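Descriptive structure summary
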Amino acid sequence: AFRKKVQDELRISERAVISDIQTSAFQRYLVELKTKKANLAGFSEDKICRLQGFTDDIKPTLAGIMLFSDYPQAFYPQLCITAVSVPGTEMSMTGNVGERFIDNQRIDGTLSQMIYGAMQFVRNNMKTKTIIDSATGKRCDRTEYPIVAVRELILNALIHRDYSIHTDSTPVTIRRFSDRLEIEN
């Protein structure tokens, strides 16, 4: 795909129509884009969509659907995140009362909604240590993993995943074990 310059995110979403991406999120994006990029301010909405790769003039692209559709999974059901928190260090381990999962979620929506949902999942399942400085008496909460790094990992997993037709049925996965966090795309 790299050598042939295939851009899977620009493939047409056959079942979708242009109005599927003309959402409030898209309108907010347009306003911000035209504010920040004066050279695009005079372009029509259709031209901006085509130049940004959201449409091909007739149909929305995968990128347009994943960024702006009210519910992208109506078109691409498995382009989501599955997130689990397990009680041990392996998927097959169970907890004290036989639980296989501490938390188990399917996170869907647009890319930005999935980032937000995934961050909520990680925060809810991550340990936070409270440290009291002996010199000052001030409290400091320290998360198990740096939040900024976790956000970057989730963002990279969503943005840089393989969007080819061969992986349409494979969600991004987040697995939180007692000793580590795994993110796979």
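Given the structure is predicted, the values throughout are model-derived calculations rather than measurements. (Residues numbered from 1 in each chain as written. Predicted model: local features only at pLDDT ≥ 70, side-chain atom pairs only at ≥ 80, totals over all residues. Heavy atoms only, no water.)

1. Here's the deal with the overall build of the protein
This is how it is decided: What counts as a helix is a DSSP run of H or I of at least four residues, what counts as a strand is a run of E of at least two, and both are numbered from the N terminus. C-alpha atoms define the radius of gyration, and 2.2 Å times the number of residues to the power 0.38 defines the globule rule.
Broken down by element type, the protein carries five helices and six strands. Secondary structure elements in the protein, listed N-terminal to C-terminal, are α-α-α-β-β-α-β-β-α-β-β. Over its C-alpha atoms the protein spans a radius of gyration of 20 Å, topping by over 25% the 16 Å that the globule rule assigns to 185 residues. For the protein, the spread of C-alpha atoms along the three principal axes comes to 60 × 45 × 35 Å.

2. Looking at the packing of helix α4 (residues 111–125) against helix α5 (residues 147–159)
This is how it is decided: A fitted line through C-alpha atoms represents every axis, and for helices the fit uses only the stretch in contact; the resulting angles, taken between N-to-C directions, go from 0 to 180 degrees. In what follows, roughly perpendicular refers to angles from 65 to 115 degrees, roughly parallel to angles under 35, roughly antiparallel to angles over 145, and oblique to any angle outside these ranges. Crossings are classed by handedness, with left-handed meaning an anticlockwise turn of the near helix from the far one by less than a right angle and right-handed meaning a clockwise turn. We call two residues contacting when some pair of their heavy atoms lies within 4.5 Å. Lys, Arg, Asp and Glu make up the charged group, whereas Ala, Val, Leu, Ile, Met, Phe, Trp, Tyr, Cys and Pro make up the nonpolar group; the residues left over, Gly among them, are polar.
The geometry of α4 relative to α5 is characterised by a closest axis approach of 10 Å and an angle of 140 degrees between their N-to-C directions. With respect to α5, the axis of α4 lies oblique. Crossing of α4 against α5: the hand is right-handed. When α4 is examined against α5, the residues L111, M114, I115, A118, M119, V122 and R123 are found in contact with a partner set consisting of I147, V150, R151, I154, L155, L158 and I159. Split into classes, the residues belonging to the contact of α4 with α5 amount to twelve nonpolar, no polar and two charged.

3. Regarding the side chain of N125
Heads up, the rule is: Using a 1.4 Å probe on the protein chains alone, a residue whose accessible area is under 20% of its type maximum counts as buried, one over 50% counts as exposed, and one in between counts as partly exposed.
Residue position: N125 is located in helix α4. Owing to a relative accessible area of 11%, N125 belongs among the buried residues under this scheme. The residues contacting N125, other than those within four sequence positions of it, are S85, I102, D103 and R176.

4. What to know about the side chain of D8
Rules: His residues and chain termini do not enter the charge count, which takes Lys and Arg as positive and Asp and Glu as negative. Salt bridges are defined by distance alone: a side-chain nitrogen of Lys or Arg within 4 Å of a carboxyl oxygen of Asp or Glu.
Examined against the element boundaries, D8 turns out to sit in the segment before α1 (24–36). For the buried residue D8, which engages in no salt bridge, the nearest side chain bearing the opposite charge is R11, 4.7 Å off. Residues in contact with D8, not counting those within four places in the same chain, are L62, D162, Y163 and S164.

5. As for the pairing of strand β6 (residues 181–184)
To keep it simple, the criterion reads: Two strands qualify as a pair provided that DSSP identifies no fewer than 2 bridges between them.
Summarising the sheet, strand β5 (residues 172–176) and β6 pair through four bridges and their orientation is antiparallel. Each bridged residue has a counterpart across the sheet, and for R176 the counterpart in β6 is L181. What sits between the antiparallel neighbours β5 and β6 is a turn of four residues.

6. A few points about the nonpolar core
The criterion, for reference: Here, nonpolar core refers to any group of buried Ala, Val, Leu, Ile, Met, Phe, Trp, Tyr and Cys residues whose side-chain atoms link them within 4.5 Å.
Membership of the largest hydrophobic core comes to 36 residues, with the highest contact counts inside it found for I81, I107, M114, V122, I154, L158 and I174. Where this core is concerned, the elements lending two or more residues are α1, α2 (45–52), α3 (62–68), β1 (81–85), α4, α5 and β5. A per-element tally of this core places α4 first, with seven residues. Discounting chain neighbours no more than four positions away, the residues touching I154 are I115, A118, M119, V122, I174 and I183.

7. A word on the pattern of salt bridges
Going through the model one piece at a time under the given rule, you end up with nine salt bridges. Of the charged contacts, one joins K36 and E32 as a salt bridge, the two residues approaching to 3.0 Å between their closest N and O atoms. Of this pair, K36 and E32 are both found in helix α1, four residues apart, which corresponds to roughly one turn of the helix. By relative accessible area, which is 63% here, K36 ends up exposed. Looking at E32, the relative accessible area reads 45%, which means it is partly exposed. The shortest N-O distance in the salt bridge between E182 and R180 comes to 2.8 Å. Relative accessible area serves as the criterion here: at 27%, E182 is assigned to the partly exposed category. For R180, a relative accessible area of 24% puts it in the partly exposed group. Bridged by salt links that share partners, the residues E90, R175, D179, R180, E182 and E184 form one connected network.

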